[in-house]
There are 2 protein chains.
Amino acid sequence: MRDVAIIGTGITKFGELWDTTFREIFVDAGVRALDDSNVSGHNIDAMYIGNMSAGQFIKQEHVGSVIADHSGLKPIPCTRVEAACASGGLALREAFISVSSGINDLVVAGGIEKMTDLLSDKPNGILGALSDREWEAYVGATYPGLHALMARRHMHKYGTTEEQMAEVAVKNHKNGALNPYAQYQREISKEAVLKSAPVTTPLNTLDCSPISDGGAALILAPAEKAKEYTDNPVVIKGTGQASGTLSLHDRDSLTEIPAAVQAAESAYEMAGRKPFEIDVAEVHDSFTIAEIMGVEDLGFCEKGEGGKMVEEGKTRIGGEVAVNPSGGLKSKGHPIGATGIAQAVEIATQLQGEAGKRQVEDAEIGLTHNVGGSGGTGVVHILERGD
Amino acid sequence: MRDVAIIGTGITKFGELWDTTFREIFVDAGVRALDDSNVSGHNIDAMYIGNMSAGQFIKQEHVGSVIADHSGLKPIPCTRVEAACASGGLALREAFISVSSGINDLVVAGGIEKMTDLLSDKPNGILGALSDREWEAYVGATYPGLHALMARRHMHKYGTTEEQMAEVAVKNHKNGALNPYAQYQREISKEAVLKSAPVTTPLNTLDCSPISDGGAALILAPAEKAKEYTDNPVVIKGTGQASGTLSLHDRDSLTEIPAAVQAAESAYEMAGRKPFEIDVAEVHDSFTIAEIMGVEDLGFCEKGEGGKMVEEGKTRIGGEVAVNPSGGLKSKGHPIGATGIAQAVEIATQLQGEAGKRQVEDAEIGLTHNVGGSGGTGVVHILERGD
C-alpha cells in the first residue's frame, strides 16, 4: 500500500438544478476537478461514483456507465458504490484503495444525486429506502422521525436543548452564506429556526437539511507523484468504514452512532492522529441533532457535551475546531450521493488555503464524517496538507 | 499487489423464492460460503455486494448495511456496488482489489437480487433502468428489444440463424438440468425454443433469461494464506473492467460489445493467458444472441462464427471450451446482482473438480464474462487451480 493524495477538486452549485440533467451535473463537477488537477480525462485509470438512488429518483441504474459514457471517458472502468447518505464517502474510500493498491494511478472519486423533478414517488417516500424499509419505513417511521427520536433521547439523557440544536443551523448558515456553491447562501437567526414549522418535534424545518441536486469530484494520485500535477496536494492519511444496525430499535443507545465511532477510530489510528489535533471538519449534519452527536462521536468533546460545544462557539470558524465551514448539509445542501465527496472537496480546499471568506486559519489537519441512513454506515477520512 | 484466491463458495437455489426475503437470501449464500471456507464470520475484514436495484424492486437502498446487519457481521465494512447485470462482477473485482492491496485479508464478494413479489412497477419497467432511460427506454425500446436489434444485425452480417440461437438455449438447459441450484432443471428441444411465444422477434420466450431471485457469495484470501483454509483454492489470475456506451445507437457496431472485448483483453493480459487456453467459461447469456456474441468477444472463435461454434457442439461440456456448464443465465436463472458472483462460484467449483454430473474434465483454467445492460459495462475474470 502506498500513500494517496488529492490533486484536484470540483463541485457544482448545490440546489434545485432544474435546467441540468443528472449526467450533465456530474460532468460539470468532473471537468472542474480535471481542470484543477491539470490532468487530461484520458489519463484517468478508473472512476468511483457515489450515488444513492438514481434508480428511484430518475429511473436510471447503471450509473457508472452513464457517467463514463457521457463524460466521453469510456472505456475507463467506472464503478458506482452505494451506502445511502454515505455513498460519496465510500466512493472516496474505494478510489483510495484502488490507488493505494497500485492497480491504478489517477482515479476520479465522485458523487452525484438528482433529487428534484421526480417522476412518481415523493422524495420522502424514496428516502425511506435508506432506513429499514421492513421494520421502520413500512410502519410509518419517516427519516426525520428517526432523528427526532434520537434528539428526544439526547435531550432527556444529556439536557440538550432545542436552542442548542438551533445554534447548529445558525452557525452552518453563517458559513454557507460565504460559500458560492451552497444551496442557501443566507444567514438565519436562532428565533427563525425555533419558530420554523415543525417537521417532527423537536425538529423544525430549519433543523433539517434540504432536498438537493448536485455533484462533486476529486482526482486522486499516488502521493509520490502528486507534485507533478499540483503545488498543493492534500494527502489522505486515514480512512475508516464501519457498518451499524440498519434499524434504530436494534441499537443499545439512541444517542450515538456506533458505526461512525468505529469508522473514526479506524481513521484516527491509521493517520496516527487524535481528535484534538483536527483543525477543520465536515460533520454529517443531515439534521441539527446529527451534528451534535457527530462532534461527540468524533471525540471533539465528551459524550453529551455536543450541544454545549456548539452553544459556546467552539465549532465556529475560529473556534477549537471549525465544523462545517462549507455550510454543511444544512446550508450547502445534501444531494445524497455527492455529500461525502463534497465534504472532502471542502476539507481539501481549506487545507490548500483556498476557501476564501470562509477560510479556517492555519488549517493543517482536516476530517470528513459521512453517515449513511440513521447510522447503518459510517465513513471517516483524515486529510492533511501534502507539503 | 499480491495474489488473491477464492477459498470458499456459496450459492442459493435460484428461482422464484416466495418464502425468502432479500436479506435472508443473502445470508443463506454467505453462510454456505463461510462453511465452505472454514472461516468464522467474525474474521471477515470487509464485504462487497453486487446488487442492481433493491431500491426499485423492494424499495430498499443501503444494501450493504442491510446485509452486514442481518448477517450479524456489523461493524464489518460492507459496500454495495452496482453496474446493472455486471454488479456481481464488479463486487468480485473490488473485493479482489481490497485483498490484493493488503488493506484486507478475508473478504466476502457477494451478489443478490430479489426480483419477484414487486410492490408497484413491473420487472420490465425496472429493467429499463439498466439501458439508457432517456434515449432508449422512454422512447419505447425494451431491454429484450435492444438485444433483438443486435440479433437481427448479427443475422444480417454473419448469417447467424434462429436455429443457432436456439442451440444456445438447448445446450444451457441440458447443463442446467444437472445443476441442483438452477431455476429450470429441465432440458428443452430446439423446436420448443423456435415455437415458444415471440418476445421481440427474432427472440422468443426461450431465448430470454428469466426473472429470478437468488444470492451467491465467495470468500477471498491472500493466495499465500489460502492453504490455511482449504485444500483446493482457486486463484484469481486476471481481472478486467471496461465501460462502453450506455446506448446502442452510439456504437460503431451492433454485433459486438466493446466493453466486454476490452475487459477480456485486460484480464487475458494480466493472467498471461490466451483464449484457446480457457477450459471452461461462464458467458453472459442474458439472451441467446448474447452468448453467441460473447464467445466471439472473448476470442473463442472468429467474429461472426459464434453461431456456428455453438451449432457444432464446440461449447458443450466435452467440447473445445465448455460454455455455461452451470446452465448459464438462461437455465440457472439471472438474479441480476448475483449473476457475476454465481458465474465465479461455478468456475471455482469446476476448477475444484466438485461440479458433479456437469463436471468439465481436467478443467484447469476458467473465465467469467459479465456484461452490464446492453454492454455499458464489461467485467472479465480469469481463474486457475491454486495447486
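Residues numbered from 1 in each chain as written. Chains lettered and ligands numbered in written order. Predicted model: local features only at pLDDT ≥ 70, side-chain atom pairs only at ≥ 80, totals over all residues. Heavy atoms only, no water.

*Asks:* It is not clear to me how the overall build of chain A should be interpreted in this structure. Could you clarify?
*Replies:* A count of helical and extended segments in chain A gives 13 helices and 12 strands. By the compact-globule yardstick of 21 Å for 387 residues, chain A fits well, its C-alpha radius of gyration being 19 Å. Summarising its shape, the C-alpha atoms of chain A cover approximately 55 × 45 × 35 Å along the three principal directions. Sorting the 387 residues of chain A into buried and exposed places 66% on the buried side. With an accessible surface of roughly 12,300 Å², chain A has 46% of that area assigned to carbon and sulfur atoms. (Helix = DSSP H or I, 4+ residues; strand = E, 2+ residues; numbered from the N terminus. Rg over C-alpha atoms; globule rule 2.2 N^0.38 Å. Buried < 20%, exposed > 50% of the residue type's maximum accessible area, 1.4 Å probe, protein only. Areas by Shrake-Rupley, 256 points an atom, 1.4 Å probe, with all protein chains shown as cover.)

*Asks:* Just checking my understanding: could you explain the interface of chain A and chain B for this structure?
*Replies:* One widely used convention gives an interface's size as the accessible area the parts lose upon coming together. Taken together, the contacts link 59 residues of chain A with 58 residues of chain B. Summed over both partners, the interface of chain A with chain B comes to about 4,600 Å²; 49% of that surface belongs to carbon and sulfur atoms. Inspection of the region where chain A meets chain B yields six salt bridges. Across the chain A-chain B interface, the total number found is 38 residue pairs in polar contact (both at pLDDT 80 or more). Where strand β3 (residues 78-82) of chain A and strand β3 (residues 78-82) of chain B come together, three bridges link them in antiparallel fashion. Each residue of the ladder has a partner; that of V81 of chain A, found in β3 of chain B, is V81 of chain B. (Contact = heavy atoms within 4.5 Å. Buried area = accessible area lost by both parts, 1.4 Å probe. Salt bridge = Lys/Arg side-chain N within 4 Å of Asp/Glu carboxyl O. Polar contact = N/O pair within 3.5 Å; in protein donor to acceptor, adjacent residues only side chain to side chain. Pairing = 2+ DSSP bridges.)

*Asks:* Can you walk me through the environment of E361 of chain A in this structure?
*Replies:* Residue and element names in this part refer to chain A. By the secondary structure assignment, E361 is in the loop between α13 (336-351) and β11 (365-372). Judged by its relative accessible area of 72%, E361 falls in the exposed class. Measuring from C-alpha to C-alpha, the distance between E361 and L351 comes to 9.3 Å, with 10 residues separating the pair along the chain.

*Asks:* Would you explain the relation of the copies chain A and chain B in this entry?
*Replies:* Superposing the two chain copies requires a rotation about an axis and a translation along that axis. For the pair chain A and chain B, the relating rotation is 180°, the translation along its axis is 0.0 Å, and the fit reaches an RMSD of 0.0 Å. On the angle and the small slide along the axis, the relation comes out as a two-fold axis. Of all interface residues in chain A, 98% are interface residues in chain B too; the two copies therefore contact each other through one and the same surface. (Least-squares fit on C-alpha atoms with pLDDT ≥ 70 in both.)

*Asks:* Is there a simple way to explain the environment of F287 of chain A in this structure?
*Replies:* Residues and elements named next belong to chain A. Secondary-structure assignment places F287 in the loop between β9 (280-283) and α10 (288-297). Relative accessible area serves as the criterion here: at 5%, F287 is assigned to the buried category. For the pair F287 and G376, spaced 89 residues apart in sequence, the C-alpha separation works out to 16 Å. Each residue touching F287, except ones within four places of it in the same chain, is listed here: Y143, P144, H147, L203, D207 and C208.

*Asks:* Which parts of the structure should I look at to understand the confidence of the model for chain A?
*Replies:* A low pLDDT score tells you not to read the predicted coordinates there in detail. Summing up the model confidence of chain A, the mean pLDDT is 96 and the portion of residues at 70 or higher is 99%. This complex was scored by the predictor with a pTM of 0.97 and an ipTM of 0.96. (pLDDT = per-residue confidence, 0-100.)

*Asks:* Help me understand the pairing of strand β7 (residues 213-222) of chain B in this model?
*Replies:* In regular strands, side chains alternate between the two faces of the sheet. Residues and elements named next belong to chain B. When you tally the buried positions in β7, you get 10 out of 10 residues, the bulk of the element. In the sheet, strand β1 (residues 4-11) pairs with β7 via seven bridges, with the strands oriented antiparallel. Each residue of the ladder has a partner; that of T9, found in β7, is L218. Pairing between strand β4 (residues 107-114) and β7: eight bridges, direction antiparallel. From the neighbouring strand, V108 faces β7, where its bridge partner is I219.

*Asks:* For this particular structure, what's the right way to read the nonpolar core?
*Replies:* Inside soluble globular proteins, nonpolar side chains tend to come together where they are buried. In terms of nonpolar packing, the biggest core is built from 74 residues, with L218 and L220 of chain A together with L218 and L220 of chain B touching the most fellow members. Residue contacts for L218 of chain A: discarding those within four places in its chain leaves I6, G8, T9, A33, L92, V107, V108, A109, I341, A344 and V345 of chain A. (Core = buried A, V, L, I, M, F, W, Y, C linked by side-chain atoms within 4.5 Å.)

*Asks:* Looking at this structure, I do not really get the pattern of salt bridges. What am I missing?
*Replies:* Think of it this way: side chains of opposite charge can pair up when their charged atoms draw near. Residue and element names in this part refer to chain A. This model, assessed by the stated rule, comprises 38 salt bridges over all chains. The salt bridge involving D28 is made with R32; its shortest N-O contact spans 2.8 Å. You can see D28 and its partner R32 sitting in helix α1 (residues 22-37), four residues apart, about one turn around the helix. For D28, a relative accessible area of 31% translates into the label partly exposed. Two residues, E305 and K308, come together in a salt bridge whose shortest N-O distance is 3.4 Å. When its relative accessible area of 33% is taken as the criterion, E305 is described as partly exposed. By relative accessible area, which is 39% here, K308 ends up partly exposed.

*Asks:* How do you make sense of the packing of helix α6 (residues 143-158) of chain B against helix α10 (residues 288-297) of chain B when you look at a structure like this?
*Replies:* When two helices pack together, their arrangement is given by the angle between the helix axes and by the axis-to-axis distance. Residues and elements named next belong to chain B. The interhelical angle for the contact between α6 and α10, taken along N-to-C directions, is 60°, at an axis separation of 9 Å. Our classification of the angle between α6 and α10 gives oblique. The element α6 and its partner α10 pack so that their crossing is left-handed. For the pair α6 and α10, contact is made by H147, M150, A151 and H154 and by I289, A290, I292, M293 and E296, respectively. Looking at the contact of α6 with α10 residue by residue, the class counts come to six nonpolar, two polar and one charged. (Axes fitted to C-alpha atoms, helices over the stretch in contact; angles between N-to-C directions. Parallel < 35°, antiparallel > 145°, perpendicular 65-115°, else oblique. Left-handed = near helix turned anticlockwise from the far one by under 90°. Nonpolar A, V, L, I, M, F, W, Y, C, P; charged D, E, K, R; others polar.)

*Asks:* Explain the packing of helix α7 (residues 162-176) of chain A against α10 of chain A to me, please; I cannot follow it from the model alone.
*Replies:* Residue and element names in this part refer to chain A. Contact geometry of α7 with α10 gives a least axis separation of 8 Å together with a crossing angle of 95°. The pairing of α7 with α10 is recorded here as roughly perpendicular in orientation. Here Q164, M165, V168, A169, K171 and N172 of α7 come into contact with α10, specifically with T288, I289, E291 and I292. Its residues assigned to classes, the contact of α7 with α10 comprises five nonpolar, three polar and two charged.

*Asks:* Hey, could you run me through helix α9 (residues 258-271) of chain A in this one?
*Replies:* Residue pairs spaced three or four apart in an α-helix point in one direction, given the helix's 3.6 residues per turn. Residue and element names in this part refer to chain A. Over its 14 residues, α9 extends 20 Å from the first C-alpha to the last, a length consistent with the 20 Å expected when each residue adds 1.5 Å. Those residues of α9 that fall on the buried side of the exposure criterion are A259, A260, A263, A264, A267, Y268 and A271. Each buried residue of α9 lies within a common arc of 160° when the element is viewed along its axis, so the set occupies one face. Projecting away from the buried face of α9 at angles above 90 degrees are the exposed residues E265 and E269. (Expected span 1.5 Å × (residues − 1). Arc of directions from axis to C-beta.)

*Asks:* Would you mind showing me how to read the pairing of strand β4 (residues 107-114) of chain A here?
*Replies:* Residue and element names in this part refer to chain A. Where burial is concerned, most of β4 is hidden: eight out of the eight residues are buried. In β4, alternate side chains face the same way, and those of V107, A109, G111 and E113 on one face and V108, G110, I112 and K114 on the other are all buried. Where strand β2 (residues 46-50) and β4 come together, five bridges link them in parallel fashion. Bridging from a neighbouring strand, G50 pairs with G111 of β4.

*Asks:* Can you walk me through the side chain of K330 of chain A in this structure?
*Replies:* Residue and element names in this part refer to chain A. Mapped onto the elements, K330 comes out in helix α12 (residues 328-332). Although K330 lies buried, it forms no salt bridge, and the closest oppositely charged side chain, D285, sits 7.6 Å away as judged by the N-O distance. Look past the residues within four positions of K330 in its chain and what remains in contact with it is A169, N172, H173, Y184, L206, D207, C208, S209, P210 and D285. (Lys, Arg positive; Asp, Glu negative; His and termini not counted.)

*Asks:* Can you walk me through unusual backbone geometry in this structure?
*Replies:* Backbone torsion omega between T201 of chain A and P202 of chain A reads 5°, so that peptide bond is classified as cis. Turning to its location among the elements, P202 of chain A is positioned in the loop between β5 (198-200) and β6 (203-204). One non-glycine residue, N324 of chain A, adopts positive backbone phi at about 60°. Judged by its relative accessible area of 0%, N324 of chain A is buried. Here the phi dihedral of K59 of chain B falls at roughly 60°; this positive angle occurs in a residue that is not glycine.

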